[in-house]
Amino acid sequence: MNREQILQLLNNHQPADAHETRMLEDIKQFVRSYDNFHSRQQLAGHLTGSAWVISEDRTHALLTYHGKFHCWVQLGGHVEQDADMLSAALREACEESGLADVTPLSDQIFDVDVHAIPANPKEPAHFHYDIRFLFAADRSLPLVVSSESKDLAWVEIEKIAELTSEESVLRMVRKTVSQYHRR
């Protein structure tokens, strides 16, 4: 994965608020500091790719009930042999939803987040430096719950706050409302 391309992508991102700005700077510093910034072998942390998948009519978002963290979040996960971050996020969206047709709405970053991952029997505590992209999919197509989650659901944008208090998810809701639901 090309460091300069990722830094350019990060430099082009316009954060929504001061908190996201700080996380963006943390991600850039992390990418500059480690040669293996995308590898799970980097024990301090690593980049992850997420997909904020909205319905084609822009009224719903696809959320997964995460099996380990027991909360509703966007689809996403580790970078594998992906050529770039958009490819990683797209692969994760398809793998975690069973959808074969997920369309990127932009090749630019939609959101960034840094979150701590607690230690587990396989790895020490570390950080996920999450780069998120915006996608659309047909919500009438069947979903397939992956082994990493307990459930999948298309949730009305306005009702997501009833399912989760995860600020990073709610920030993406606000961005979606601002971009697509102007009244």
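This report concerns the structure included in the present document. (Residues numbered from 1 in each chain as written. Predicted model: local features only at pLDDT ≥ 70, side-chain atom pairs only at ≥ 80, totals over all residues. Heavy atoms only, no water.)

## Re unusual backbone geometry
Leaving glycine aside, a negative phi is the common case for residues, and trans is the common case for peptide bonds. Unlike most non-glycine residues, R58 shows phi in positive territory, near 65°. With respect to the helices and strands, R58 occurs in the loop between β1 (45-55) and β2 (60-66). (Helix = DSSP H or I, 4+ residues; strand = E, 2+ residues; numbered from the N terminus.)

## Concerning the pattern of salt bridges
Per the stated rule, a full pass over the model turns up 17 salt bridges. Here R171 makes a salt bridge to D111, at a shortest N to O gap of 2.8 Å. Linking R171 in helix α4 (residues 167-180) with D111 in strand β6 (residues 111-117), this pair joins segments that are 60 residues apart in sequence. Note on D111: relative accessible area 0%, which makes it buried. Measuring nitrogen to oxygen at the nearest pair gives 3.5 Å for the salt bridge that ties D113 to R171. (Salt bridge = Lys/Arg side-chain N within 4 Å of Asp/Glu carboxyl O. Buried < 20%, exposed > 50% of the residue type's maximum accessible area, 1.4 Å probe, protein only.)

## Topic: the packing of aromatic side chains
Inspection of the entire model under this criterion finds 4 aromatic pairs. Each ring, one from F30 and one from Y129, has its centre 4.1 Å from the other, and the planes form 10°; the classification is stacked. With a gap of 99 residues between them, F30 in helix α2 (residues 18-33) and Y129 in strand β7 (residues 126-137) connect regions that are remote in the sequence. Aromatic pair F127 and Y129: ring centres 6.2 Å apart, planes at 50°, arrangement tilted. Residue F127 is classed as partly exposed on the basis of its relative accessible area of 37%. (Phe/Tyr/Trp six-rings, centres within 6.5 Å; stacked < 30°, edge-to-face > 60°.)

## Remarks on the nonpolar core
Ranked by size, the top nonpolar core spans 32 residues in total, and within it L10, L47 and V53 carry the most contacts. Of all the secondary structure elements, the ones that give two or more residues to this core are α1 (3-12), α2, β1, α3 (85-97), β6, β7 and β8 (149-156). Beyond its immediate chain neighbours, meaning those up to four positions away, V53 contacts H60, A61, L62, L75, A93, V102, F135, A136, A137 and W154. The next biggest cluster of nonpolar side chains, apart from the first, holds 15 residues, and it includes W52, C71, W72 and I157. (Core = buried A, V, L, I, M, F, W, Y, C linked by side-chain atoms within 4.5 Å. Contact = heavy atoms within 4.5 Å.)

## What about the side chain of E96?
Relative to the helices and strands, E96 resides in helix α3. Buried and unpaired, E96 has R91 as its nearest opposite-charge partner, separated by 7.3 Å. Engagement of the side chain of E96 in a polar contact is seen with the backbone nitrogen of G76, the distance being 3.0 Å. Excluding its chain neighbours within four sequence positions, the residues that come into contact with E96 are L75, G76, V144, S146, E148 and L152. (Lys, Arg positive; Asp, Glu negative; His and termini not counted. Polar contact = N/O pair within 3.5 Å; in protein donor to acceptor, adjacent residues only side chain to side chain.)

## Section: α2
Between the first and last C-alpha of α2 there are 23 Å, a value that for 16 residues agrees with the 22 Å anticipated at 1.5 Å per step. Within the span of α2, buried status applies to E20, M23, L24, I27, K28, F30 and V31. The buried residues of α2 occupy one face: seen down the axis, they fall within an arc of 160°. Those residues of α2 that are buried lie in contact with α1, β1, β6, β7 and α4. If you check the start of α2, you find a side-chain oxygen 3.2 Å away from the backbone N of H19, and it comes from D17. (Expected span 1.5 Å × (residues − 1). Arc of directions from axis to C-beta.)

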